[in-house]
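Each chain is listed here by its residues.
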Amino acid sequence: MKNNIRFVQGNEACVEGALYAGLNFYAGYPITPSTEIAESLSGRLPRAGGKFIQMEDEIASMCAIIGASLTGKKVMTATSGPGFSLKQEAIGYACMAEIPCVIANVQRGGPSTGNPTHVSQGDVNQARWGTHGDHGIIALTASNHQDVFAITVDAFNLAETYRTPVILLLDEAIGHMREKLVIPEEGALPIVDRLRTSVGKGVDYHPYLPREDGRLPMSDFGDVHRYNVTGLFHDMWGFPSNNPRVVNELLHHIVDKIENNVHSITRHKEHFLEDADYVMVSYGSSARSAIHLAKNRRKRGEKIGVLELQSIWPFPTAMIREKCSGAKAVIVVEMNMGQVLAQVKSAVDHPENVFLANRIDGELITPTDIKQLLRVIQGRGV
Amino acid sequence: MAIKDYLRQRFFPHIWCPGCGHGIVLSSLLHAVEELGLAKNDIVMTSGIGCSARISGYVDFHSLHTLHGRALAFATGVKLAKPALNLLVPMGDGDALAIGGNHFIHAARRNINITAIVMNNRIYGMTGGQFSPLSGCGKRATTAPFLTIDQEFDVVKLAKAAGASFVARSTTYHAKESTLYLKKAIMHKGFSVVEILSQCPTHYGRKNKEGDAPDMLELYKDTTAKLGSKALEKNPDLIPRGIFVEEERGEYCEEYDKLVDKAMGGAR
Ligand code: SF4
């Protein structure tokens, strides 16, 4: 244990996690509040033998990482709201062509240019449905730097396992806040490497024929197998097809590979949840305030706890229903107008007992903000 | 290797209309690859969306059929990640200079070793004959019933100004000449652009009374002239063909390698 304790910004914790996971190609375009990720990697990657490129725009950055991923690299880009909007077309391409890649969105206030230097969690739904058409998607989040590190490693692992883009939904407060980070020893966290085909030269390789376990082994561009990659519906060769059976099967595949694996993809943490009458569901920097409040109220004997989401998509509906089943009230704490709230309401048996504690003014939601709502719910007045 | 060995015959017939110039461009390109003796495993073709972009499905290279206008951005990722690969990027009017215009000028500015082939047919073919930024004024298109009032880009001048270190122009009538330029472009170290005027008889030709494919090919013969030729001197209104730029300049991936050396303090 030497020299592995850092005092860093969340954006730097993300960089450390990405490098630990094997990131070796980054393309990006500067945007507040994610820029520190690019700045840090512009120094770190060349020194580690990796590639860093500042592209001409957000769209190009997303396209470049997809191209690089096809050569076998572990790839990432980082952005914030307006850039996330621009990347959506190519994120859809990565869903359709099944290209592993990681997209960090350090959320700021929106819509449009919005509130660039202030916190928000307004891109939850965009992470799910930002690109057009039915598709599955994975979005992860974290409330402290140790978790930012771990969840970033997870993001790369899930991208490889499911051959899919993974969204890291961070926020401005987490991105810019400084706190301690202990970098795990090499080997302490599992790393999923690219699953490459065992099919040899001269034998037909079908890039889009899933194995029995549903996974699709890849072949790097430049290696012996030459195949086609397209954003059109395609057959097992990767060749465009509008055959209704092919279209139907492929669409099911790209949705089901995520939705059928909710249990292994989703992550959460429980804070004082065992006997809680009041359950706060929260994530990202909002969860810090929820946890702080729960700790204080517990000291006074109140049965209140926090269900902290570390993944938002696919939504852990069954888990939420189970964890909230004994609660008198569920309070969703987030910095938007109820994006996770809507999911929680549709997950639980008693949606009328689910309430929103939020802030949307660019300021971090505080324990006091949540407490005020809690008092109303508990019938203790305003 | 025979030309047909560079094709994925499994995926034929192709989607192009009879008489389309894009097949001639494909042929010129495959001849260039064959004459250079490039290994198929060393070639990656990325393309965007449109009639021209379908070319990537038919070639037996690593092929990446991407989004409208984004082929060069994808290609930049592939190239920087694995600089040993040869990147060929055929593009239509929209891919190269409308929706993809930003990527075009920036790839040129970086001078990254990619060969861009602009298949200029002055029309959007796949969507049914709308005008493009290469149509020029006074042209008929489905979105220009009163004729276009938009000026066109001069691909050669634009590529040159943006920093491409190899720029050439030919036509589908001059298929052998195209092959020659493509060979030079592929061998050139840096961003190379070959514009090939390519007929779309189905939409451009029909609407603009240029006849069908043979007539349009004849027109390429009559309306163009070699750089430095007497014909061009006599009639400067002709469209010049030839190599306009061929310069040695720092190539992006090589510059990146130097940067890595610097970052490592010579420790490599
Ligand atoms: S529409 Fe025009 S460009 Fe497209 S295939 Fe037909 S002739 Fe070629």
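Residues numbered from 1 in each chain as written. Chains lettered and ligands numbered in written order. Predicted model: local features only at pLDDT ≥ 70, side-chain atom pairs only at ≥ 80, totals over all residues.

Here we look at the overall build of chain A
So, step 1. When its secondary structure is counted, chain A shows 13 helices and 16 strands.
So, step 2. Since a compact globule built from 382 residues should have a radius of gyration of about 21 Å, the 21 Å found for chain A is in line with a globular shape.
So, step 3. With respect to the three principal axes, the spread of C-alpha positions in chain A is 75 × 50 × 40 Å.
So, step 4. Per-residue burial over chain A gives 53% buried out of 382 residues.
So, step 5. Summarising the internal contacts of chain A: among those between residues at least 6 apart in sequence, 75% fall at separations of at least 24. (Helix = DSSP H or I, 4+ residues; strand = E, 2+ residues; numbered from the N terminus. Rg over C-alpha atoms; globule rule 2.2 N^0.38 Å. Buried ≥ 20, exposed ≤ 12 C-beta atoms within 10 Å, placed from the backbone. Contact = placed C-beta atoms within 7 Å.)

As for the domain arrangement of chain A
Residue and element names in this part refer to chain A.
So, step 1. What the domain assignment reports for chain A is domain 1 (5–182) and domain 2 (269–377).
So, step 2. Between domain 1 and domain 2, the C-alpha centre-to-centre distance is 26 Å.
So, step 3. If you list the elements that add at least two residues to the side of domain 1 that touches domain 2, you get β6 (115–119), α5 (124–129), β7 (138–140), α6 (145–162), β8 (165–171) and α7 (172–176).
So, step 4. Its residues assigned to classes, the side of domain 1 that touches domain 2 comprises 12 nonpolar, 10 polar and three charged. (Domains from an automatic or database assignment. Nonpolar A, V, L, I, M, F, W, Y, C, P; charged D, E, K, R; others polar.)

Some words on the interface of chain A and chain B
So, step 1. Listed by partner, the interface residues are 33 residues for chain A and 32 residues for chain B.
So, step 2. Elements with a minimum of two residues in the side of chain A that touches chain B: β2 (25–28), α2 (35–47), β3 (51–54), α3 (58–69), α4 (81–97) and β10 (228–230) of chain A.
So, step 3. Here the side of chain A that touches chain B takes eight residues from α3 of chain A, the largest share from any one element.
So, step 4. Its residues assigned to classes, the side of chain A that touches chain B comprises 20 nonpolar, six polar and seven charged.
So, step 5. With three bridges connecting them, β10 of chain A and strand β2 (residues 62–65) of chain B associate as parallel partners. Residue pairing for β2 of chain B: Thr 230 of chain A is matched across the bridge by His 65 of chain B. (Pairing = 2+ DSSP bridges.)

Some details on the sheet that holds strand β16 (residues 354–358) of chain A
All names here are of chain A.
So, step 1. One open sheet accounts for five strands, arranged β11-β13-β12-β15-β16; its pairing is mixed. Pairing within the sheet leaves two strands with one partner each, and these edge strands are β11 (268–271) and β16. The average undirected angle you get between the axes of adjacent strands in this sheet is 20 degrees.
So, step 2. As paired strands, strand β12 (residues 278–282) and strand β15 (residues 329–334) are joined by five bridges and run parallel to one another. Each residue of the ladder has a partner; that of Met 280, found in β15, is Ile 331.
So, step 3. In this fold helix α10 (residues 284–299) packs onto β11, β12, β13 (304–309) and β15, with an angle of close to 160 degrees to the strand it touches most, β13.
So, step 4. Contacts from helix α12 (residues 339–347) reach β12, β15 and β16, with the element oriented near 155 degrees to β15. (Axes fitted to C-alpha atoms, helices over the stretch in contact; angles between N-to-C directions.)

Regarding the site of the ligand
Residues and elements named next belong to chain B.
So, step 1. Taken together, Trp 16, Cys 17, Cys 20, His 22, Cys 51, Asn 121, Gly 125, Met 126, Cys 200, Pro 201, Thr 202 and His 203 are the residues near the ligand.
So, step 2. The element contributing the most residues to the shell around the ligand is helix α8 (residues 201–207), with three residues.
So, step 3. Grouping the amino acids of the shell around the ligand by side-chain chemistry returns seven nonpolar, five polar and no charged. (Near = placed C-beta within 6 Å.)

What about the sheet that holds strand β4 (residues 114–120) of chain B?
So, step 1. With respect to topology, nine strands assemble into an open sheet ordered β10(A)-β2(B)-β1(B)-β3(B)-β4(B)-β6(B)-β5(B)-β8(B)-β7(B), the strand pairing being mixed. The open sheet terminates on both sides in strands that have one partner only, identified here as β10 of chain A together with β7 (224–226) of chain B. The sheet shows a mean angle of 20 degrees between the axes of neighbouring strands, direction not considered.
So, step 2. Inspection of the sheet shows β7 of chain B paired to strand β8 (residues 239–246) of chain B by three bridges, in the parallel sense. Within the sheet, the bridge partner assigned to Lys 226 of chain B lies in β8 of chain B and is Arg 241 of chain B.
So, step 3. Contacts between helix α1 (residues 22–36) of chain B and the sheet are confined to β1 (43–47), β4 and β6 (192–197) of chain B, with β4 of chain B contributing the most and set at about 155 degrees to the helix.

Concerning the pairing of β8 of chain A
All names here are of chain A.
So, step 1. β8 sits mainly inside the fold: seven of its seven residues count as buried.
So, step 2. Of the two faces of β8, both are covered, the one formed by Pro 165, Ile 167, Leu 169 and Asp 171 as well as the one formed by Val 166, Leu 168 and Leu 170.
So, step 3. Both β7 and β8 contribute to a ladder of three bridges, which runs parallel. Its bridge partner lying in β8, Ile 138 is registered against Val 166.

A closer look at the confidence of the model for chain B
So, step 1. Taken as a whole, chain B shows an average pLDDT of 97; of its residues, 99% reach a score of 70 or greater.
So, step 2. Predicted complex, confidence summary: ipTM 0.97, pTM 0.98. (pLDDT = per-residue confidence, 0-100.)

Points about α3 of chain A
So, step 1. For α3 of chain A, built from 12 residues, the straight-helix expectation of 16 Å at 1.5 Å per residue is met to within 8% by its first-to-last C-alpha distance of 17 Å.
So, step 2. Those residues of α3 of chain A that sit buried are Glu 58, Ile 59, Ala 60, Ser 61, Met 62, Cys 63, Ala 64, Ile 65, Ile 66, Gly 67, Ala 68 and Ser 69 of chain A. (Expected span 1.5 Å × (residues − 1).)

With respect to unusual backbone geometry
So, step 1. Omega for the bond connecting Gly 110 of chain A with Pro 111 of chain A falls within 30 degrees of zero, at 10 degrees, which places this linkage in the cis form.
So, step 2. A cis amide bond, omega -5 degrees, links Trp 313 of chain A with the succeeding residue Pro 314 of chain A.
So, step 3. Along the chain, the position of Pro 314 of chain A falls in the loop between β14 (311–313) and α11 (317–324).
So, step 4. Positioned with a positive phi, Leu 147 of chain B is a non-glycine residue whose angle comes to about 75 degrees.
So, step 5. You can see Leu 147 of chain B is positioned in the loop between β4 and α6 (155–162).
So, step 6. Given 13 C-beta atoms within 10 Å, Leu 147 of chain B falls into the partly exposed group.
So, step 7. A positive phi angle, near 50 degrees, is found at Lys 209 of chain B, a position not held by glycine.
So, step 8. By the element assignment, Lys 209 of chain B lies in the loop between α8 and α9 (213–223).
So, step 9. Lys 209 of chain B gets classed as exposed once you count the C-beta atoms within 10 Å, which come to 8.

Section: the packing of α10 of chain A against helix α13 (residues 367–377) of chain A
All names here are of chain A.
So, step 1. Where α10 meets α13, the axes come as close as 8 Å, and the angle between the chain directions of the two elements is 60 degrees. The way α10 lies across α13 gives a crossing that is right-handed. Across the interface between the two elements, Ser 289, Ala 290, His 292, Leu 293 and Asn 296 of α10 pack against Pro 367, Ile 370 and Lys 371 of α13.
So, step 2. Taken together, the residues of the contact of α10 with α13 break down into four nonpolar, three polar and one charged. (Left-handed = near helix turned anticlockwise from the far one by under 90°.)

Thoughts on the environment of Gly 231 of chain A
So, step 1. Relative to the helices and strands, Gly 231 of chain A is located in the loop between β10 and α8 (244–259).
So, step 2. By the C-beta count within 10 Å, which is 21 here, Gly 231 of chain A ends up buried.
So, step 3. When the C-alpha atoms of Gly 231 of chain A and Cys 95 of chain A are compared, they prove to be 8.7 Å apart, with 136 residues separating the residues in sequence.
So, step 4. Ignoring sequence-local partners within four residues, the contact set of Gly 231 of chain A consists of Tyr 93, Met 96 and Ala 97 of chain A together with Thr 66 and Leu 67 of chain B.

Things to note about the environment of Thr 143 of chain B
So, step 1. For Thr 143 of chain B, the location among the structural elements is in the loop between β4 and α6.
So, step 2. The contacts of Thr 143 of chain B, once residues within four sequence positions are left out, are Gln 130 and Phe 131 of chain B.

Some words on the nonpolar core
So, step 1. Grouped together as the largest cluster of nonpolar side chains are 182 residues, with contacts concentrated most on Ile 66 and Leu 168 of chain A together with Ile 117 of chain B.
So, step 2. In terms of residues, this core owes the most to one element, α6 of chain A, which gives 10 residues.
So, step 3. Not counting residues up to four positions away in its chain, the partners in contact with Ile 117 of chain B are Val 25, Leu 29, Leu 88, Val 89, Pro 90, Met 91, Val 194 and Ile 196 of chain B.
So, step 4. Formed by eight residues, the second largest nonpolar core is a distinct cluster that contains Cys 20, Ile 123, Phe 131 and Ala 141 of chain B. (Core = buried A, V, L, I, M, F, W, Y, C linked by C-beta atoms within 7 Å.)

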